[in-house]
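Observations on the three-dimensional arrangement
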Amino acid sequence: MPSQAEIYQKVSATLVDALNVEQEEIKPTSTLQGDLGAESIDFLDIVFRLEREFGIKIPRNELFPESIFQGDPDFVQNGKVTSKGLDELRTKMPFADISKFEKNPELTAISDLFTVEMITKYIEGKLAKV
Amino acid sequence: MRWIWIDRFVKFESGKTARAVKNLSLAEDYFEQHLPGYPIMPACFILEGLAQTGGILVGEANDFKEKVVLAKITSARFQREAVAGETLIYETDLVTLRPEGASITGKVYAVPPGSASTDPNGTPIAEADIFFAHLDQSRSQQLFGDHNFVFSGELKHLLGLAKVVAQRTDSAT
């Protein structure tokens, strides 16, 4: 199994190709939308490329869930994710680091969870199961 | 003007590869303005032809049941201009096909007027990676009904035309 550094390198190279960004722009903490300018269609492109690059299957809504909370008031209240919602996040996206997000869980900031590091951790977990 | 940027298919392997040709005639409207005295095909039209070739390759792979829309041109490189009188050869290969969409990689070659061969030769004049999305079934049904507006007529007809030509060629030999 490749090391975390090797996975990170490959993930970075994938993002360079998919998003047409420079290698230097990519850092582990870079957010896909905010920092790297990814749009919704890019997420699908990234999934396709990661599958090819790592020889894995990424089921729909696993790496980039489209709607975790489905407008459920138990999960989101007044534009903020509730503690139950945060639990749901931990379950659905165990590979995401929500420590920063949970301090101020504004729903609009949820896209900041999608980072280069998050993808790396996801792939690492996926490869460990193979 | 008809928005068809392929004249015919010359090769088609379902789910794998497709090759189409486009003859550039000086009579085409856009050459008058692009550019006056120097008729070259706008690069975006070259890409459109490549995307139509690849789009039909993707559509046919699912028997034209999906609404295939051009979602993103991941990369495009142009080596030189395409001039009136030349024939463009669009060579496309299917890279990924999934329920949500597909990606293709394509190359465009130009052959001089009078050339009989439609085999890609030499350096491509353009290359691109193109990404297609299948419009979400439920949502597109709300918006457009069952009618598949992408493969409604002429694009699909082109492929049928290619089959007719292939059959004629087969029976002639």
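Up top is the structure.
Residues numbered from 1 in each chain as written. Chains lettered and ligands numbered in written order. Predicted model: local features only at pLDDT ≥ 70, side-chain atom pairs only at ≥ 80, totals over all residues.

Here we look at the overall build of chain A
- When helices and strands are tallied, chain A shows four helices and two strands.
- Helices and strands in chain A line up, N terminus first, as α-α-β-β-α-α.
- A compact globule built from 130 residues would reach a C-alpha radius of gyration of about 14 Å, and chain A, at 15 Å, matches this within 12%.
- A principal-axis box enclosing the C-alpha atoms of chain A has dimensions of 40 × 30 × 25 Å.
- Counting only contacts in chain A whose residues sit at least 6 apart along the sequence, the fraction spanning at least 24 positions is 55%. (Helix = DSSP H or I, 4+ residues; strand = E, 2+ residues; numbered from the N terminus. Rg over C-alpha atoms; globule rule 2.2 N^0.38 Å. Contact = placed C-beta atoms within 7 Å.)

Here we look at the overall build of chain B
- For chain B, the helix and strand inventory stands at four helices and six strands.
- N-terminal to C-terminal, the α/β element order of chain B is β-β-α-α-β-β-β-β-α-α.
- With 173 residues in all, chain B has 31% of them scored as buried.
- Looking at chain B alone, contacts between residues at least 24 apart form 72% of all its contacts between residues at least 6 apart. (Buried ≥ 20, exposed ≤ 12 C-beta atoms within 10 Å, placed from the backbone.)

Quick look at the interface of chain B and chain A
- Across the contact, eleven residues belong to chain B and eight residues belong to chain A.
- At the level of secondary structure, the elements contributing two or more residues to the side of chain B that touches chain A comprise strand S3 (68-78), strand S4 (87-98), strand S5 (101-111) and strand S6 (126-134) of chain B.
- In terms of residue count, the dominant contributor to the side of chain B that touches chain A is S3(B) (four residues).
- When grouped by side-chain class, the residues that make up the side of chain B that touches chain A number three nonpolar, five polar and three charged. (Nonpolar A, V, L, I, M, F, W, Y, C, P; charged D, E, K, R; others polar.)

Concerning the packing of helix H1 (residues 4-19) of chain A against helix H2 (residues 40-54) of chain A
Residue and element names in this part refer to chain A.
- As a packed pair, H1 and H2 sit with axes 10 Å apart at the nearest point and diverge in direction by 135°. What the angle tells us is that H1 and H2 run oblique. Helix-helix and strand crossings are classified by hand; for H1 and H2 the assignment is right-handed. Residues Lys 10, Thr 14, Leu 15, Asp 17, Ala 18 and Leu 19 of H1 pack against Asp 42, Asp 45, Ile 46, Arg 49, Leu 50 and Glu 53 of H2.
- Taken together, the residues that form the contact of H1 with H2 break down as five nonpolar, one polar and six charged. (Axes fitted to C-alpha atoms, helices over the stretch in contact; angles between N-to-C directions. Parallel < 35°, antiparallel > 145°, perpendicular 65-115°, else oblique. Left-handed = near helix turned anticlockwise from the far one by under 90°.)

Considerations on the nonpolar core
- Within the largest apolar cluster, 59 residues are counted, with the highest numbers of intra-cluster contacts made by Ile46(B), Leu50(B), Leu88(B), Val108(B) and Phe132(B).
- Here the element with the most residues in this core is helix H2 (residues 43-61) of chain B; it accounts for seven residues.
- Here this core spans two domains, since at least three of its residues come from each of domain 1 (1-64 + 114-130) and domain 2 (65-110) of chain A. (Core = buried A, V, L, I, M, F, W, Y, C linked by C-beta atoms within 7 Å. Domains from an automatic or database assignment.)

Let's talk about the pairing of strand S2 (residues 17-23) of chain B
Residue and element names in this part refer to chain B.
- Two elements, strand S1 (residues 8-13) and S2, share five bridges in a ladder whose sense is antiparallel. In the sheet register, Arg 8 faces S2, and the bridge partner there is Val 21.
- Joining the antiparallel neighbours S1 and S2 is a turn of three residues, in which Gly 15 adopts a positive phi near 70°.
- Strand direction decides the pairing type here: S2 and S4, joined by seven bridges, are antiparallel. Bridging across to S4, Thr 17 finds its partner in Asp 93. (Pairing = 2+ DSSP bridges.)

Digging into H2(A)
- Across its 15 residues, H2(A) extends 22 Å between first and last C-alpha, which sits within 8% of the 21 Å expected from 1.5 Å per residue.
- All buried positions along H2(A) are accounted for by Asp42(A), Leu44(A), Asp45(A), Ile46(A), Val47(A), Phe48(A), Arg49(A) and Leu50(A).
- Check the buried side of H2(A) and you find it contacts H1 and helix H4 (116-129) of chain A together with S3, S4, S5 and S6 of chain B.
- Immediately beyond the C-terminal end of H2(A), within one or two residues, lies Gly55(A), with a positive phi of roughly 65°. (Expected span 1.5 Å × (residues − 1).)

Some words on the packing of H1(A) against H4(A)
Residues and elements named next belong to chain A.
- Interhelical geometry of H1 versus H4 gives an angle of 125° and a closest axis separation of 9 Å. Judged on the interaxial angle alone, H4 and H1 are oblique. Crossing hand, H1 versus H4: right-handed. Side by side, H1 and H4 meet where Gln 4, Ile 7, Tyr 8, Val 11, Ser 12 and Leu 15 of the first sit next to Val 116, Ile 119, Thr 120, Ile 123 and Glu 124 of the second.

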